[in-house]
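# Fold and geometry: a report
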Amino acid sequence: MPAPSFPKYFGRVFGGRDGKSVPPPDKGDFKLIPGNELPSQMDAWWWLVGAVVLLIALLMIFKPDPYLKIVRFVSDGLWITILLTVISFVFILIVGIIGGLGRIAKNPVIHFLATIYVECVRGIPLLVQLIWWYFAAPVAIQSFGKWINFAPMAEYRSNAFVLAVVGLVVCYGAYMSEIFRAGIQSIHKGQIEAARSQGMTYMQAMRYVILPQAIRVVLPPVGNEFIMLIKDTSLVSAVAMADLTRRGREYMSAHMNPIETWTMVALLYLILTLFFTRVLVWLEKNRGYEK
Amino acid sequence: MTEAPIIQIQDVHKYFGRVHALRGITLNINAGEVVVILGPSGSGKSTLLRCINHLEVYNTGKIIVDNILLKSAQNINTVRREVGMVFQQFNLFPHLTVLDNVTLAQKIVRKRDPAEAKKIALDLLKKVGIEHKFDCYPGQLSGGQQQRVAIARALAMNPKIMLFDEPTSALDPEMIKEVLDVMLALAKEGMTMVVVSHEMGFARAAASRAIFMDEGQIIEQGPPEQLFSAPTQERTKLFLSKVLQI
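This section reports on the structure supplied with the text. Please read these numbers as outputs of a predicted model, since none were measured by experiment.

With that settled, the discussion passes to the side chain of Glu225 of chain A. By secondary structure assignment, the location of Glu225 of chain A is in helix H9 (residues 202-232). Ignoring any residue separated from it by four or fewer positions in sequence, one finds Glu225 of chain A in contact with Phe89, Tyr172, Tyr175, Met176 and Ile179 of chain A.

Next up, the structure:
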């Protein structure tokens, strides 16, 4: 009886048909679990970036009025957006690690506080939180300062940038806590047992064994949060921060050209997120190791 | 004058919820002894082993390791330094190279300087026959190689006692020997070892005592030859007949 003939790719996955020879992998062959080395993804990214950069460049060169003017006008806002995102994100990561550890803590008080924080913050819209920090928090601080007779607090003058950072960090820190909690819990229990059995303390085991592994696991969702943060910083335009969105609105009200202004602002956000997406993909690849 | 046993277990009980996992274990192990614990799955052998370095917290009774009563967190870390443990699933740190796996705890727990830790690590890797792989990640090694690295990692802390929790159960048959050879050499050097394993060959060659456990109790113990060939208890006979058939 002739041996049943399998499609060619069965040889690759299950070993050769004769049980010995495995055909060399050829391009276009299928894999059971594709990694992130798919060439088409990268191509799409390069095409998109190329197209967006080209579009912005062409608009600025061939129609400097208004496009070049818009870019010049909003460039300080663009800078504020980047600064706000990066500074906030550093603190968000710190809050996320502390919050994540708090959510898995055995100490009931710490666990309780971390859970209250996460649940409260997740249930309130970011815009409302930002407005609260900008308009309500300074008044609250001043009243409290007067009540306890503490001059530096009673005479507190609000700083829009600091309050915007605080608002973003408090909100995103809650989401980040959940991501880190999931990441830590995804690491096999044997890892912490191996570390503790060698006499490491809980914090040492976390720092040297669990977190380095968890960070690799959480990199994709953390990157996602970063991209969302870039876009959500546009909400601070509602609380007197001269970011990209607010500068765009100012230009539009002065020159009455909404189509040109908002198209350009949208393109600038897009190029920003595309750039950071690539940075994140690079990070993911460079932090990988064989399981 | 005889020294006090290095491990003293006195009437230890352990519950997992409503499951009574250890039902009054009393056991003394002297320095230099090699003890093999066997028994059916769920008999509490691994739990007992994990109670010795406090990975499991026992409910009542007393465990004294190296004259230290396991109670406070301070004591536990002191004891764990002196007790090496090898796991069924190896539990190497996958994000670190073989060398870093062996030096990590030396540096942060024993506070050795990196050069010294590296020297000790390379010596130990040589001893377990895997020094040429020091730069690899655990994922690039075979199971047997990983387990030998895990033994080297535990030895790097200069433990007085080594605990082995089914060290060969997750290995392919051809790799079991390379791990057992390392354990055999260790036993010959006079290391105190407590081994949960069904490797009769190893027990015959190296063990000074074999212990049979079932349902959270020690049923029978004695020199391995005697326990295997002339068990006195019915349950031991039944278990051995099943294991030896294979």
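So much for the structure itself; the text now carries on.
A few words now on the sheet that holds strand E2 (residues 19-29) of chain B. All names here are of chain B. Taken together, four strands build an open sheet; the order of strands is E2-E1-E4-E5 and the sheet is antiparallel. The sheet is open, and its two edges are formed by E2 and strand E5 (68-69), each paired on a single side. Where strand E1 (residues 7-16) lies against strand E4 (residues 60-65), five bridges are found, and the strand directions are antiparallel. Bridge pairing in E4 links Gln8 to Ile64.

What follows deals with the layout of surface pockets. One water molecule sets the probe size; rolling that probe over the atoms shows where empty space is left. Here the largest pocket is characterised by a volume of approximately 800 Å³. What lines the largest pocket is a set of 23 residues, among which Lys106, Lys189, Ile192, Arg196 and Tyr202 of chain A lie closest to the centre. Of all elements in the fold, only helix H7 (160-185), helix H8 (189-197) and H9 of chain A together with helix H2 (73-82) of chain B reach the threshold of two or more residues within the lining of the largest pocket. Counting residues per element, the lining of the largest pocket draws most heavily on H8 of chain A, which supplies four residues. Of the residues contributing to the lining of the largest pocket, the split by class is 12 nonpolar, four polar and seven charged.

Residues and elements named next belong to chain B. Counting across every chain of the model gives 23 salt bridges over all chains. Close ionic contact of Glu33 with Arg209 constitutes a salt bridge, the shortest N to O distance being 2.9 Å. Of this pair, Glu33 sits in the loop between E2 and strand E3 (34-38) while Arg209 sits in strand E9 (residues 209-214), and the two are 176 residues apart along the sequence.

If you look at the interface, chain A gives 22 residues, while chain B gives 23 residues. Summing the contributions of chain A and of chain B, the shared interface buries around 2000 Å²; its carbon and sulfur component is 57%. On the surface where chain A and chain B come into contact, there are one salt bridge. With a shortest N-O distance of 2.6 Å, Arg50 of chain B and Glu193 of chain A are connected by a salt bridge. At the junction of chain A and chain B, the tally comes to seven residue pairs in polar contact (both at pLDDT 80 or more). The set of elements that each furnish at least two residues to the side of chain A that touches chain B consists of H8 and H9 of chain A. If you tally residues by element for the side of chain A that touches chain B, the top one is H8 of chain A, at eight residues. Tallied by class, residues from the side of chain A that touches chain B come to seven nonpolar, nine polar and six charged.

Residue and element names in this part refer to chain B. The end-to-end C-alpha distance of helix H4 (residues 114-127), which contains 14 residues, comes to 20 Å, matching closely the 20 Å that a straight helix rising 1.5 Å per residue would cover. Of all the residues in H4, the buried ones are Ala117, Ala121, Leu124 and Leu125. Looking down the long axis of H4, one finds its buried residues gathered within 100° of arc, a one-sided arrangement. In H4, the exposed positions that point more than 90 degrees away from the buried face belong to Ala115, Lys119 and Lys126. Elements in contact with the buried residues of H4: helix H3 (98-108) and helix H5 (143-155).

With that out of the way, let us pick up the pairing of strand E7 (residues 161-165) of chain B. All names here are of chain B. A large share of E7 lies buried, amounting to five of its five residues. Because side chains alternate across E7, one face comprises the buried residues Ile161, Leu163 and Asp165, and the other comprises Met162 and Phe164, equally buried. Bridge count between strand E6 (residues 83-86) and E7: four bridges; the pairing is parallel. Of the residues in E7, the one forming a bridge with Val86 is Phe164. Examined bridge by bridge, E7 and strand E8 (residues 192-196) share five bridges and lie parallel to one another.

Next up on the list: the pairing of E9 of chain B. All names here are of chain B. Among the six residues that make up E9, six are buried, leaving the element largely enclosed by the rest of the structure. Along E9, one buried face is formed by Arg209, Ile211 and Met213 and the opposite face, lined by Ala210, Phe212 and Asp214, is buried too. When E3 meets E9, the two strands line up parallel, connected through four bridges. Its bridge partner lying in E9, Val35 is registered against Arg209. Of the strand pairs in this sheet, E9 and strand E10 (residues 217-222) are connected by five bridges, and their pairing is antiparallel.

To continue, consider the sheet that holds E7 of chain B. All names here are of chain B. The strand order across the open sheet built from six strands is E6-E7-E8-E3-E9-E10, with neighbouring strands paired in mixed fashion. Of all the strands in the sheet, just E6 and E10 have a single pairing partner and so form its edges. Strand after strand, the sheet turns through a mean of 20° between neighbouring axes, direction not considered. The strands that helix H6 (residues 173-188) touches are E3, E7 and E8; relative to E8, the one it contacts most, it runs at about 145°.

The next thing to look at is unusual backbone geometry. Each neighbour pair has its own omega, and for Asp65 of chain A with Pro66 of chain A the value is 15°, a cis peptide bond. Within the secondary structure, Pro66 of chain A sits in helix H3 (residues 64-103).

Relative orientation and spacing of two packed helices are given, respectively, by the angle between their axes and the distance between those axes. Residue and element names in this part refer to chain A. Running from amino to carboxyl end, H7 crosses H9 at an angle of 140°, the nearest separation of the two axes being 8 Å. Accordingly, the angle class assigned to the pair H7 and H9 is oblique. Here the hand of the crossing between H7 and H9 comes out right-handed. Classifying every residue of the contact of H7 with H9 by side-chain character gives 18 nonpolar, one polar and two charged.

Two aromatic rings, taken as a pair, are described by how far apart their centres are and by the angle between their planes. The final tally for this structure, using the stated rule, is 10 aromatic pairs over all chains. Geometrically, the ring pair formed by Phe226 of chain A and Phe276 of chain A is edge-to-face, given 5.0 Å between the ring centres and 65° between the ring planes. Remark: Phe276 of chain A occurs in helix H11 (residues 258-286) and Phe226 of chain A occurs in helix H9; sequence separation between them is 50 residues. Phe276 of chain A shares its class with Phe226 of chain A; the two are buried. Members of the aromatic cluster, connected to one another through ring pairs, are Phe89, Phe226, Phe275 and Phe276 of chain A. For Arg247 of chain A, the ring lying beneath its charged end belongs to Phe73 of chain A, and the centroid distance is 4.1 Å. Over the aromatic face of Phe16 of chain B sits the side chain of Lys14 of chain B, whose NZ or CZ is 4.7 Å from the ring centroid.

How each quantity is defined
- Sequence order as written defines residue numbering, which begins from 1 separately in each chain.
- All chains are assigned letters beginning at A, and all ligands numbers beginning at 1, according to the order in which they are written.
- Given that the model is predicted, a residue must reach a pLDDT of at least 70 before its local features are reported, and side-chain atom pairs must reach 80 or more before they are shown or counted; all residues, however, enter totals for whole chains, interfaces and linings.
- Where side-chain values are given, they derive from all heavy atoms of the structure, hydrogens and water being excluded.
- To qualify as a helix, a DSSP run of H or I must reach at least 4 residues; to qualify as a strand, a run of E must reach at least 2; elements of each kind are numbered from the N terminus.
- Only heavy atoms enter the contact rule, under which two residues are in contact if any of them lie within 4.5 Å.
- Any two strands are treated as partners once DSSP identifies two or more bridges connecting them.
- Points on a 1 Å grid, built from protein atoms alone, make a cavity when a 1.4 Å probe fits but cannot get out and make a pocket when they are open with protein on both sides within 12 Å along at least 5 of 7 lines; residues with an atom within 4 Å of a point are the lining residues.
- Grid points are joined across faces, edges and corners, and a volume is the space filled by probe spheres set on the points.
- For this classification, Asp, Glu, Lys and Arg are treated as charged, while Ala, Val, Leu, Ile, Met, Phe, Trp, Tyr, Cys and Pro are nonpolar and the rest, including Gly, are polar.
- We count a salt bridge whenever a side-chain nitrogen from Lys or Arg sits within 4 Å of a carboxyl oxygen from Asp or Glu.
- Buried area: the accessible surface (1.4 Å probe) lost by two parts on joining, summed over both.
- Each polar contact in these results corresponds to two N or O atoms within 3.5 Å; when the atoms are within protein, one needs to be able to donate a hydrogen and the other to accept it, and residues that are neighboring in sequence are counted only if both atoms are side-chain atoms.
- Here, expected helix span is obtained from the residue count minus one, scaled by 1.5 Å.
- For each residue, the accessible area found with a 1.4 Å probe, counting protein chains only, is set against the maximum for its type, and the residue is called buried under 20%, exposed over 50%, and partly exposed in between.
- Within this analysis, the arc is defined by the directions that extend from the helix axis to the C-beta atoms.
- The axes used here are C-alpha line fits, helices contributing only the stretch in contact, and every angle between their N-to-C directions lies in the interval 0 to 180 degrees.
- For classification, angles of less than 35 degrees are called roughly parallel, those exceeding 145 degrees roughly antiparallel, those between 65 and 115 degrees roughly perpendicular, and all remaining angles oblique.
- Handedness of each helix crossing follows the sense of rotation of the near helix against the far helix: counterclockwise by less than a right angle gives left-handed, clockwise gives right-handed.
- To pair, rings of Phe, Tyr and Trp, with the six-membered ring standing in for Trp, must have centres within 6.5 Å; the planes then decide the type, stacked if under 30 degrees apart, edge-to-face if over 60, and tilted in the middle.
- Ring-over charges, as used throughout, are those where CZ of Arg or NZ of Lys falls within 6 Å of the ring centre and within 35 degrees of the ring normal.

Everything listed is a geometric property; what it means functionally is a separate question.
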